[in-house]
Each structure stands twice: as structure tokens, then as C-alpha cells.
Amino acid sequence: MRPVLKDLKDGKISIEEAEKLIKSQFLDIREVARFDVGRKLRTGFPEAILALGKSDDDIVRILLSSPTDPMIVTRLDTERFENIRKKISSLEKRGFSIKYYKRAHTLVVKRDEKISLDSKVGIITAGTADITVAEEARIILEEYGCQVITAYDVGVAGIHRLVQPLYDMLEEDVKIIIVVAGMEGALPSVVAGLVDVPVIGVPTSIGYGVGEGGFAALYSMLQSCSPGIGVVNIDNGFGAAVLAIKIIRAFD
């Protein structure tokens, strides 16, 4: 909204034009969505499209209708991407690239504009089963210009595996470490007790018994006695990445 108000103040647009631009901060896609096209302007990040709960046709309509850049679709499995690939190919003629990241279940549609925050972020997972969530975070971080250093499957069941990767991250001067863990969710507490940078804990739904669904991991991270941990919701790799980028931007 700020650029619109500035143009109005500078006399570049009329009151009527300003009113129209402010009202058009969302795109009404009938019976599907009211897509928040002004979110990037307000918050620095565009609205992400969560594939869950939407049909393939819904996703196609949003992608073809939205003027935002980039457009990010999360929780989109490979089969669903293959179903929509041809339907969204016309975006390439409009200057967009279409990149699907299989392991992250994430689709990024954007113009080839390079963004660089000139910062490094570490991502650690407790287990191999947590990598999909970690990769979702990695893709978002890299799309916004961060260099990401990863260390996967270094959980507390074999804590010696953590030592060298964590040392390497600190040597590389990472600004934030995202720690992704399921089961009992103990790893963020361990990491936060060893480093002097913020730690973002991401509980995952990987687990069974009392750990099923990720609640045990979530409660463990929230209850941590190690200070300096922020915790996002279960399986929220996207949210962890956005939080990390906002912290970096605040001090950049």
C-alpha cells in the first residue's frame, strides 16, 4: 500500500486510481480463492498456495490468474504436479520459469529475478524421515537468496554425528539454524545449548505411539530448557524459512 500512497502524494495517480489499486490488493477467483496479491508488498513474502484441500483445477486457476512473483505451491506431491504440468505450461510464454522440487513437494513459478540476502542458514534434521520438511525450508531460503548448509540424519540417537556438521556451520558463520525433528523432538534443545545463534525448531509428524502426529515433538520443543529457540507448527518448513528470512532482513 505504501507505494500507492506515495504515488498519490507525488501526484502521479488520482484519488480514484489510488482507490482502485488499494481495492485490488486481492484477486477474486470465483468459487476458488481470494488470492492476496498485496501480501508481498505488505510483508515481503507472497501468499503461498497450499495444495492440500484444493483440487488440481483450483491450483491451475490460481497460478494462471495470479500476477504475483514468485508463486509458490507447497505440499504438492509428484503425481499432482504431473497432472497440472501441461495446464500451466503457458506461464513459460509469459516469462515464468516452472521448477518442481520433488523431495520438498514444492513448486516455484517465477521470473528469473535474482535475490540475495548474502547470509547463510543451517538446516539440521534428526532423521532421514524429516528431510521432506527440511527441504521445503531449504527451497524457500534459496529462492530468497540465502546460502543453505545442511546436515541430515544427525539426531540424538547417535549424537556424535552432530558434532562435525555443527562445527562446520559455525565456521561458515550461519546466522540461524533450523532444526527439524520428529519422534521426541529433542534435537533443537541440544543444538540451542551449543550455539550462539537463534535456533528455529520444526516438529514433524514423524513418530508413532505417543509421538504420532508430531505433538510430542512440538511439546518437547516448547518445553525446552535451552533458551534461544523459536518453534513453528508441525511440519511447517515454509514458516520456518520465512521466519529465518525476516530475522535476517531485520538486521541486514
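Going by the structure above, here's the rest.
Residues numbered from 1 in each chain as written. Predicted model: local features only at pLDDT ≥ 70, side-chain atom pairs only at ≥ 80, totals over all residues. Heavy atoms only, no water.

Participant: So what's going on with the sheet that holds strand S4 (residues 71-74)? Which residues, and what values?
Facilitator: Sheet strands line up and pair through hydrogen bonds in the backbone, either parallel or antiparallel. With mixed pairing, the 4 strands of this open sheet are ordered in space as S3-S4-S6-S5. Two strands bound the open sheet, and with one partner strand each, they are strand S3 (49-50) and strand S5 (97-101). Most of the contacts of helix H4 (residues 56-65) go to S4, to which it runs at about 165 degrees, and overall it touches S3, S4 and strand S6 (106-110). Across the sheet, helix H7 (residues 131-143) touches S4, S5 and S6, and the angle it forms with S6 is around 15 degrees. (Pairing = 2+ DSSP bridges. Helix = DSSP H or I, 4+ residues; strand = E, 2+ residues; numbered from the N terminus. Contact = heavy atoms within 4.5 Å. Axes fitted to C-alpha atoms, helices over the stretch in contact; angles between N-to-C directions.)

Participant: Describe the sheet that holds strand S9 (residues 176-181), listing the residues and the values that go with them.
Facilitator: The 5 strands lie next to each other as S8-S7-S9-S10-S11, forming an open sheet whose pairing is parallel. Since the sheet does not close on itself, it has two edges, and those belong to strand S8 (147-151) and strand S11 (229-231), each with one partner. Adjacent strand axes in the sheet meet at a mean angle of 25 degrees when their direction is disregarded. Bridge analysis of strand S7 (residues 120-125) against S8 gives 5 bridges, and the strand direction is parallel. Residue Lys120 lies in a different strand from S8, and its bridge partner there is Gln147. Those strands touched by H7 are S7, S8, S9 and strand S10 (199-203), and its axis lies near 170 degrees from that of S7.

Participant: Tell me about the pattern of salt bridges, and please be specific about residues and values.
Facilitator: Overall, the coordinates contain 10 salt bridges when judged by the stated rule. Arg85 serves as the salt-bridge partner of Glu82, at 3.2 Å between the closest nitrogen and oxygen. As a salt-bridge pair, Arg138 and Glu142 come within 2.7 Å of each other at their nearest N and O atoms. Here Glu142 and Arg138 lie together in helix H7, a separation of 4 residues that amounts to about one turn. Here Arg138 falls in the buried class, since its relative accessible area comes to 19%. For Glu142, a relative accessible area of 35% puts it in the partly exposed group. One network of salt bridges, in which partners are shared, links Glu135, Arg138 and Glu142. (Salt bridge = Lys/Arg side-chain N within 4 Å of Asp/Glu carboxyl O. Buried < 20%, exposed > 50% of the residue type's maximum accessible area, 1.4 Å probe, protein only.)

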